[in-house]
Amino acid sequence: MKNVWHELCREPLALISDKVFECAKCRHISNTFAYECSECESKRCLRCVIALTPGARTSLRHEHPLFFYKDYHGRCDACGNLTLGAFCCKDCNFVLHFGCFSLPITAHHKCDEHLLSLTAHNDNKYSESHYCDICEESRDTNRWFYHCAICDTSVHVNCVLGKYPFLKLGSIFEETDHPHPLTIVKKKYYYLDCNKCGKPCEDLSLECSKLECKYIVHLDCVVHYTLRCFLWWRM
Ligand SMILES: [Zn+2]
Ligand SMILES: [Zn+2]
Ligand SMILES: [Zn+2]
Ligand SMILES: [Zn+2]
Ligand SMILES: [Zn+2]
Ligand SMILES: [Zn+2]
Ligand SMILES: [Zn+2]
Ligand SMILES: [Zn+2]
């Protein structure tokens, strides 16, 4: 992975880690390994760099090789959303958008003591329950979901992963208007009020790393709502 180049920039990309960033390709906010352009500082996650290396890709949930088409415009077969650019199967017209391509194959959620597996719609034996066991709303059985075969738990992908599946608690968030570095936290007790909206910080929040400062804000109050939806579903 030495000579990785940004399509638009002439500069080679440098490997960085432990920085919260928005991937220029899949738009997920994460703090896993990333490549940063030394010229324009745009970042892309390691998953995207690997996924965009020319050649056939395999998805653990699809039997045929997939090829990336950056101009493809249509629906993703896993989540049903419109996408520009996708992984397509030449054998069966299966289409997978970037966000779904990079979904974790297994995930933990407090609704089930076992590891949940990412499951594709065409496994017909799983489609008995049409409801999500977390939010209790109906599920489109043509879409991917997480499943526990032991308990027969079936849940929406977004209900399991939440809004920020690639963010690790405890990491540092730098790009805000606050002068000190902020830590990503999820408080269990003693919720402090958000410095932006004034409501208690029960969800993912950014807390100032300087104890005496007592500054805390919801992650949602920093990452604007519409932007967040955009980040999750579009490339
Ligand atoms: Zn990415
Ligand atoms: Zn660049
Ligand atoms: Zn999708
Ligand atoms: Zn196929
Ligand atoms: Zn749900
Ligand atoms: Zn279970
Ligand atoms: Zn807030
Ligand atoms: Zn502070």
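Per an unreviewed UniProt entry, the chain carries the name Phorbol-ester/DAG-type domain-containing protein and comes from Gossypium aridum.

Engineer: Now, about the pairing of strand β9 (residues 106-109): what can you tell me, with residues and values included?
Structural biologist: Along any regular strand, the residues point their side chains to alternate faces of the sheet. A one-sided burial pattern is seen for β9, the buried positions being Ala 107 and His 109 and the unburied ones Thr 106 and His 108. Two elements, β9 and strand β10 (residues 112-119), share three bridges in a ladder whose sense is antiparallel. Looking at the pairing, Ala 107 lines up with Leu 116 of β10. Between β9 and the antiparallel strand that follows it, β10, lie two residues.

Engineer: Any details on the packing of aromatic side chains? Residues and values, ideally.
Structural biologist: Between two aromatic rings, the relevant description is the distance of the centres plus the angle of the planes. The full count for this structure, using the stated rule, is five aromatic pairs. Each ring, one from Phe 87 and one from Phe 98, has its centre 5.3 Å from the other, and the planes form 55°; the classification is tilted. With Phe 87 in strand β7 (residues 82-89) and Phe 98 in helix α2 (residues 98-101), this pair connects stretches of sequence that are 11 residues apart. Phe 98 carries the same exposure label as Phe 87, and that label is buried. One aromatic cluster is present, built from ring pairs that chain together Phe 68, Phe 87, Phe 98 and Phe 101. The lysine or arginine in question, Lys 90, covers the ring of Phe 67, its NZ or CZ lying 3.9 Å from the ring centre. Taking NZ or CZ as reference, Arg 139 lies 4.3 Å from the ring centre of Phe 145, over its face.

Criteria and thresholds
Numbering of residues begins from 1 in every chain and follows the order in which that chain's sequence is written. By the order in which they are written, chains take letters starting at A while ligands take numbers starting at 1. In keeping with the predicted nature of the model, local features appear solely for residues at pLDDT of at least 70, side-chain atom pairs appear and are counted solely at 80 or more, and the whole-chain, interface and lining totals rest on all residues. Here the side-chain values reflect all heavy atoms present in the structure, with hydrogen atoms and water set aside. Burial here depends on accessible area, computed with a 1.4 Å probe over protein chains only, as a share of the maximum for the residue type. Under 20% is buried, over 50% is exposed, and the range in between is partly exposed. Starting at the N terminus, helices and strands are each numbered in turn, a helix being any DSSP run of H or I of at least four residues and a strand any DSSP run of E of at least two. Strands are treated as partners if at least two bridges between them are detected by DSSP. Aromatic pairing here means that ring centres of Phe, Tyr or Trp (its six-membered ring) are within 6.5 Å. Orientation follows from the plane angle: under 30 degrees is stacked, over 60 is edge-to-face, and everything else is tilted. Only when the NZ of Lys or the CZ of Arg is both within 6 Å of the ring centre and within 35 degrees of the ring normal is a charge said to sit over the ring.

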